[in-house]
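Summary of the model geometry
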Number of protein chains: 2
Amino acid sequence: MVRPRKDERIDIKTRAVESAARLFVERGTDAVTMQDIAAEVGCRAPALYRYFPNKEALLLAVHDDGFRRLYAHKAAAGRTAGDDAYERLRLGGLAYVRFALENPNLYELMFIERGPFLRLNALRAAGNAEAEDIGQRSLEFLKTSILACQKSGYLEGLDPDAAAFTFWSVVHGAVSLALRRRGPFHAVEPERIVAQAVETMMALVARTSR
Amino acid sequence: MVRPRKDERIDIKTRAVESAARLFVERGTDAVTMQDIAAEVGCRAPALYRYFPNKEALLLAVHDDGFRRLYAHKAAAGRTAGDDAYERLRLGGLAYVRFALENPNLYELMFIERGPFLRLNALRAAGNAEAEDIGQRSLEFLKTSILACQKSGYLEGLDPDAAAFTFWSVVHGAVSLALRRRGPFHAVEPERIVAQAVETMMALVARTSR
DNA sequence: TCCTGTAAGTGAATACCATTAACTTAATGA
DNA sequence: TCATTAAGTTAATGGTATTCACTTACAGGA
């Protein structure tokens, strides 16, 4: 069997991303081989190379897909939120850290691992101008939230870009440390400590109210 | 040549950590093979396995060594600092992020990569009770600094453990995002943005002064 | 309808690594 | 002196990403 007929073709490109996502999320990227993915898709490993130049590229595709899903999820959640800017910021932060700790392998792939980042750099170096990092939009969401807070009298006088990046740093940092068990995790569960970091940050924000 | 005589022996264990550290710091862990390290040391790759059960263990040794150097560095810097607790916290944060951005590959190895963390877990799982994470001491340093700030009237009413973890989250998060170019890095240099995150955090702390 | 060039796979190499095996010689100590 | 152990070596082994050479299906024109 060398080439399947039209009626028994499978959409390798799409299915590869789906399968890789599932396997990566289950086991982490290092524990998944191209053969594993191919087996899941229903083809041999070399077939994947017709659609992705290497494993890193497949990693990046899963990474991008993860962001699209995250944003869809956030957009849906945002619509049901109230209109209190402070509370929105707080719930957004808590949602972020919960998402991360509930999907640690996906979070690693999207925010921590070097592979997708390197691949993106390679694309840019190759003159691929449209190689945009879909992850950058996280920051814009956050900035909107910060601006709303400032309109409500919080964080007066702070540069909103700097504030947004700082807030993102807290949530990302807390999650990253938790995933490596860096912190006072001997006794308490990671979820609690990470949530507490968000609450601590919000307590500081609260004291900036005029 | 099968085994060197006593007078032409080399201290493989020590030199392996040194060489590995240098190579890892130069190229990043993935780009360094056991052969590269052995070549640097002056032996063959399998000889390394007499002293380290696998590459991960060697990684962990370099990781631990990095922390020892970081703490020595911090202790030296601390001695020259003034007695203003707020300023100490600020300068400590700035020193941390500068260290990270000046030694990105070392920082990756110490705080971001999964390898050393997994190795530590393996040790613990094997009942190795003294497998203590030397990285945990970072947090204690920070807590001391936070407590001093509270004595000076800042951060009143906040749990010092939570505050310390939150502060660490900011600096680690900012550095981690910067290393993946996540943030408004199109125009501005990473150093500036990361430092700005520290300053933003400190601005929030300043407003808690009674 | 037949022919030809291209597309989409396949199985068999290749190359690189971490790690293990089998073996050789130096040191040690009775 | 000699047996045992220690410290290396070279030569496998096994796994994995990636490339190669080849086969067959399809699409489009003669």
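What you see is a predicted model; the values in this text were computed from it and never measured.

According to UniProt, the "DNA-binding region" (unreviewed entry) feature falls on residues 33–52 of chain A. Helix makes up 60% of residues 33–52 of chain A and strand 0%, whereas the separation of the span's terminal C-alpha atoms amounts to 14 Å.

What follows concerns helix H1 (residues 12–27) of chain B. Residues and elements named next belong to chain B. The first and last C-alpha atoms of H1 sit 21 Å apart over 16 residues, in line with the 22 Å expected at 1.5 Å per residue. All buried positions along H1 are accounted for by Ile12, Ala16, Val17, Ser19, Ala20, Ala21, Leu23 and Phe24. Looking at the buried residues of H1, the elements they touch are helix H2 (34–41), helix H3 (45–48), helix H4 (55–79) and helix H6 (104–112).

Overlaying chain B on chain A yields an RMSD of 0.2 Å, the required transformation being a rotation through 179 degrees with an accompanying axial translation of 0.0 Å. Such a turn and shift between the copies fits a two-fold axis. Within chain B, Gly173 of chain B has its C-alpha nearest the rotation axis, a separation of 1.8 Å.

The residues that UniProt annotates with the feature "domain: HTH tetR-type" (unreviewed entry) are residues 10–70 of chain A. As a span, residues 10–70 of chain A carries 72% helix and 0% strand, and end to end its C-alpha atoms are 27 Å apart.

For Ser169 of chain A, the position within the fold is in helix H9 (residues 160–179). If near-sequence neighbours (up to four positions away) are discounted, Ser169 of chain A is found in contact with Ala174 of chain A together with Ser169, Val170, Gly173, Ala174 and Leu177 of chain B.

What counts and how
- Residues numbered from 1 in each chain as written.
- Chains lettered and ligands numbered in written order.
- Predicted model: local features only at pLDDT ≥ 70, side-chain atom pairs only at ≥ 80, totals over all residues.
- Heavy atoms only, no water.
- UniProt positions renumbered as here; feature names shortened; annotations may be inferred.
- Helix = DSSP H or I, 4+ residues; strand = E, 2+ residues; numbered from the N terminus.
- Expected span 1.5 Å × (residues − 1).
- Buried < 20%, exposed > 50% of the residue type's maximum accessible area, 1.4 Å probe, protein only.
- Contact = heavy atoms within 4.5 Å.
- Least-squares fit on C-alpha atoms with pLDDT ≥ 70 in both.

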